[in-house]
Structures are given as C-alpha cells and as structure tokens.
Amino acid sequence: MRSLQATTSASQGLEFVLAGEHSYPADYPELGTEITVVGTFQTYEENRYMDCHLVDAEITE
C-alpha cells in the first residue's frame, strides 16, 4: 500500500492499493511525479476509526 498527497490547499493523504502484484519502488513512479490514481473508493474501520482508501487502483502519469 502507498499513500498519495492530494493537490488541494487543505491536502490530505489517501491510501491506495494497486491491482495485481507490485513492489516498491520498482513499480511506482518517482517521488514528486504528478500521477492520476483510479480505483474503487472503500471505507473500513481501524482502531475504532472510519478510514478510506482506493482498492484495485491503477496509476497513470
């Protein structure tokens, strides 16, 4: 799993899980590269807090 930083004035990270088998850093763009991540938005509970992430995600540069 990786997280990305949203590009808004009040930015917040968003975790994403790529579809298929991938390893970091070989299968990921260089840090600072502008990318688009498309996936299925999903919520889950962790430590009694609701969180969210993108699953089955794909990256395009």
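Predicted model, so just to flag it, every value in this text is computed and none were measured.

Visitor: I would appreciate a short explanation of the nonpolar core in the present structure.
Guide: Considering soluble globular proteins, one finds that nonpolar side chains tend to be buried as a cluster. Core analysis: the largest hydrophobic core is formed by six residues, namely F16, L18, Y28, V37, L54 and A57. Where this core is concerned, the elements lending two or more residues are β2 (13-18) and β4 (49-60).

Visitor: Looking at this model, I keep getting lost on unusual backbone geometry. Mind explaining?
Guide: Among all residues except glycine, the phi angle is most often negative; among peptide bonds, the trans geometry is most common. The peptide bond linking Y24 to P25 adopts the cis configuration, its omega dihedral lying at 10°. Along the chain, P25 falls in the loop between β2 and β3 (36-46). Residue N47 is not a glycine yet carries a positive backbone phi of 55°. Examined against the element boundaries, N47 turns out to sit in the loop between β3 and β4. The class for N47 is exposed, based on a relative accessible area of 63%. Look at R48: it is not a glycine, yet its phi comes out positive at around 65°.

Here is what the cut-offs are and how they apply
- Residues numbered from 1 in each chain as written.
- Predicted model: local features only at pLDDT ≥ 70, side-chain atom pairs only at ≥ 80, totals over all residues.
- Heavy atoms only, no water.
- Core = buried A, V, L, I, M, F, W, Y, C linked by side-chain atoms within 4.5 Å.
- Buried < 20%, exposed > 50% of the residue type's maximum accessible area, 1.4 Å probe, protein only.
- Helix = DSSP H or I, 4+ residues; strand = E, 2+ residues; numbered from the N terminus.

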